[in-house]
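Spelled out from the first residue to the last, the chains are:
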Amino acid sequence: MATFFGEVLSVYSRAVEEDDEDLDDENEDEQIHRAIEEKREVHIAWCPEVAQSLEGKLQCSELIIAVGTNAAGFLSAYVLNTESWDAVGHASLWNERSRGSSRQSIAPLPGEPACLFYRHRDNPAVLVCQSTCYIAEDQLFQWTEKVFGCLQKRGLSVMVLSDSPVAEYKTPDYLYGSAVPFLRSLKSSASKSQALCPALEQPNILTGLPAAVLSHCQVHQIPAVLYQCYTDVISPDSITMETYKPALLCLSKLVKLEPCLSADVLRKFAIITEAQSNLYT
Amino acid sequence: MAMSYDRAITVFSPDGHLFQVDYAQEAVKKGSTAVGVRGKNVVVLGVEKKIVAKLQEDRTVRKICSLDDNVFMAFAGLTADARIIVNRARVECQSHRLTVEDPATVEYITRYISSIKQRYTQSNGRRPFGISSLIVGFDFDGTPHLYQTDPSGTYHAWKANAIGRSAKTVREFLEKNYKEDMESDTDTIKLAIRALLEVVQSGGKNIELAIMKRDESMKMLAQEEIEEYVTAIETEKQKKT
């Protein structure tokens, strides 16, 4: 087709059958799609003993998922700080914001954004997942299916702790400084337990991994409760981590916890980031 | 709700808010706490020391700056904005001395700083300054003053006040414990330290204090002196309980 400006464009006509050369283009497209899909696949790597017992499904009565640095820091300080937890697996994935998949078989380095699984030594039915890496929207479903696919659904109960910036909290009232950080909860309909804080009000919504997990639990009728902490601090902060303390009440029935001694550990997480920021004095 | 009216500083929302100014107040809350107390014969500014990186020279991380021989201030919020304001105020203090042959009063320099801040809330293409400041000093007639400014460009005189993170908690403490016309310098200093200890983690070693007595220049208290006051405060507390 000749255009007004004198250039010649090749235009495809649907009335005419396509030539063989175009099939190569299509194959190329397919190849590219496949390569992208493979690259973006979510891999869950379990340690050998867990991988063996996965011939059936993993016995799990309580799954605690922490999404975000403050939630993960809270679990590290109050729960994982005792010596009775074993690292049993990790999820590795690649997306534009989390480029970790070059080391699929090797566990992530400490301090790197990652998705790690821990199991309690004395009570192996309790699993903890700390997710500090970004999981893209197209990977959320895969992550949820693969993780829950390894767990036995009967008797499973899920708790999710998630961070969110308070700027995304929609309310008609003005939020005074002293109210922040605060918790809001959301439950699946199968959950009969009492939530320890007010429910998340409309029109606020959850997004990302917490939403994917809660949706999965709702669809499969797994009792699940989520605690969303709204905070005005971007980096890990000890006050924000302490806001998750009410969740300890549920956990303490299952495993031994450190109730108060970890304030220094909390501060260690916070201090690392505070010293690096010279923006505010 | 607020979304379409909060991007430009020069636009009011239908209910009369300048959202950029409100948001600038949030930036102030990101800074560490500063407290100011005005006594009869001494003015005190205390700040929570910022945690400094290992390789950083900590004497370059200062929250308390002197503006002239008779005025000094502490700020909370964006460090770079504070530097600009402090520099302009220092120049204005000298300009005042040269023009009028007298040191600027505390109120004069506070008004100058506030006018700069207000100007930045009314021109487009600029954002408000993200700092609040506590300005203390003595006028040449010997009257002590404490003023507080905020990003909107307002200023008010206070007997005692706090800015920055946890300012509300500290202010409530000051309201309960401030006594009019504190004669004793020690009591004024102790009040500032006690107020800071309410919110500062790990006690005296994270506090920096500056005082100015009438007809004297500003003095930054040494760490040992602060520790002495902290010990005295703790002893008094134990005696009460």
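These figures come from a predicted structure and were not determined experimentally.

> Hey, could you go over the overall build of chain A for me, with residue numbers and the actual values?
Assigned secondary structure in chain A consists of 8 helices and 8 strands. Buried residues in chain A amount to 44% of all 281 residues. Look at the contacts in chain A between residues 6 or more apart in sequence, and 78% of them connect residues 24 or more apart. Accessible surface, chain A: about 16,000 Å² in total, of which carbon and sulfur atoms supply 54%.

> Break down the overall build of chain B for me, with residues and values.
When helices and strands are counted, chain B shows 6 helices and 10 strands. A globule of 241 residues ought to have a C-alpha radius of gyration of about 18 Å, and chain B, at 18 Å, matches this closely. In terms of principal-axis extent, the alpha carbons of chain B reach across some 55 × 45 × 40 Å. Each of the 241 residues in chain B was classed as buried or not, and the buried ones make up 48%. Taking the intrachain contacts of chain B between residues at least 6 apart in sequence as the baseline, contacts between residues at least 24 apart amount to 62%. Accessible surface, chain B: about 12,100 Å² in total, of which carbon and sulfur atoms supply 49%. Each charge class in chain B can be summarised by its mean position, and for the 35 positive and 34 negative side chains these summaries are 5 Å apart.

> Any details on the interface of chain B and chain A? Residues and values, ideally.
Taken together, the contact pairs 20 residues of chain B with 15 residues of chain A. Overall, the association of chain B and chain A removes approximately 1,600 Å² of surface from exposure, summing both partners, and the carbon and sulfur fraction of that is 51%. Sorting the residues of chain B by area buried against chain A places K30, K50 and I51 of chain B first, and these three jointly supply 34% of that buried surface. Our enumeration of links across chain B and chain A arrives at 0 salt bridges.

> Could you give me a rundown of the packing of aromatic side chains, with the residues and numbers involved?
Residues and elements named next belong to chain A. Scanning the model with the defined rule gives 11 aromatic pairs over all chains in all. Considering the side-chain rings of Y169 and Y230, the 4.8 Å spacing of their centres and the 50° angle between planes classify their relative orientation as tilted. Here Y169 is found in the loop between β6 (157-165) and β7 (182-187), whereas its partner Y230 is found in strand β8 (residues 224-231), with 61 residues between them in sequence. For the residue pair Y169 and Y230, the accessibility class agrees, reading buried in each case. Ring-pair connections join several aromatic residues into one group, and the members of that group are W46, F117 and W143.

> Break down the sheet that holds strand β7 (residues 155-157) of chain B for me, citing the residues and quoting the values.
All names here are of chain B. Here 5 strands make up an open sheet; going across it, the order is β3-β4-β5-β6-β7 and the pairing antiparallel. Two strands lie at the open edges of the sheet, namely β3 (64-68) and β7, each paired on one side alone. On average, adjacent strands in this sheet sit at an angle of 25° to one another, irrespective of strand direction. Two strands pair when backbone bridges link them, and strand β6 (residues 144-149) and β7 are joined in this way by 3 bridges, in the antiparallel orientation. Bridge pairing in β7 links Y147 to A157. In this fold helix α2 (residues 79-100) packs onto β3, β4 (71-77) and β5 (131-138), with an angle of close to 20° to the strand it touches most, β3. Seen against the sheet, helix α3 (residues 106-119) touches β3, β4, β5, β6 and β7 and runs at an angle of roughly 165° to β5.

> Talk me through helix α4 (residues 167-177) of chain B; I want residue IDs and the actual numbers.
All names here are of chain B. Every buried residue of α4 is accounted for by A167, V170, F173 and L174. The arc that holds the buried residues of α4, viewed along the axis, is 125°, so those residues lie on one side. Among the exposed residues of α4, those pointing more than 90 degrees away from its buried face are E175 and K176. Along its buried surface, α4 packs onto β1 (34-38), β8 (160-163) and α5 (185-197).

> Before we move on, could you go through a nonpolar patch on the surface and cite the residues and values that matter?
Residues and elements named next belong to chain A. Together, M1, L9 and V11 make up a nonpolar patch on the protein surface, roughly 300 Å² of accessible area in all. Here V11 shows up in the segment before α1 (20-39). With relative accessibility at 53%, the residue V11 sits in the exposed group.

> Hey, could you go over the pattern of salt bridges for me, with residue numbers and the actual values?
Note that side chains of opposite charge can pair when their charged atoms are close. All chains considered together, the criterion is met by 19 salt bridges over all chains. Residue D81 of chain B is joined to R127 of chain B by a salt bridge in which the shortest nitrogen-to-oxygen separation is 2.7 Å. Here the residue D81 of chain B occupies a position in helix α2, and R127 of chain B occupies one in the loop between α3 and β5, the gap between them amounting to 46 residues. Classification of D81 of chain B as buried rests on a relative accessible area of 8%. Of the residues examined, R127 of chain B reaches a relative accessible area of 44% and is grouped as partly exposed. Via salt bridges that share partners, R40, E96 and D138 of chain A belong to a single interconnected network.

Conventions and cut-offs
Residues numbered from 1 in each chain as written. Chains lettered and ligands numbered in written order. Predicted model: local features only at pLDDT ≥ 70, side-chain atom pairs only at ≥ 80, totals over all residues. Heavy atoms only, no water. Helix = DSSP H or I, 4+ residues; strand = E, 2+ residues; numbered from the N terminus. Buried < 20%, exposed > 50% of the residue type's maximum accessible area, 1.4 Å probe, protein only. Contact = heavy atoms within 4.5 Å. Areas by Shrake-Rupley, 256 points an atom, 1.4 Å probe, with all protein chains shown as cover. Rg over C-alpha atoms; globule rule 2.2 N^0.38 Å. Lys, Arg positive; Asp, Glu negative; His and termini not counted. Charge placed at Lys NZ, Arg CZ, Asp CG, Glu CD. Buried area = accessible area lost by both parts, 1.4 Å probe. Salt bridge = Lys/Arg side-chain N within 4 Å of Asp/Glu carboxyl O. Phe/Tyr/Trp six-rings, centres within 6.5 Å; stacked < 30°, edge-to-face > 60°. Pairing = 2+ DSSP bridges. Axes fitted to C-alpha atoms, helices over the stretch in contact; angles between N-to-C directions. Arc of directions from axis to C-beta. Patch = residues over 30% accessible without salt bridge, like charges linked within 9 Å, V, L, I, M, F, W, Y side chains within 5 Å.

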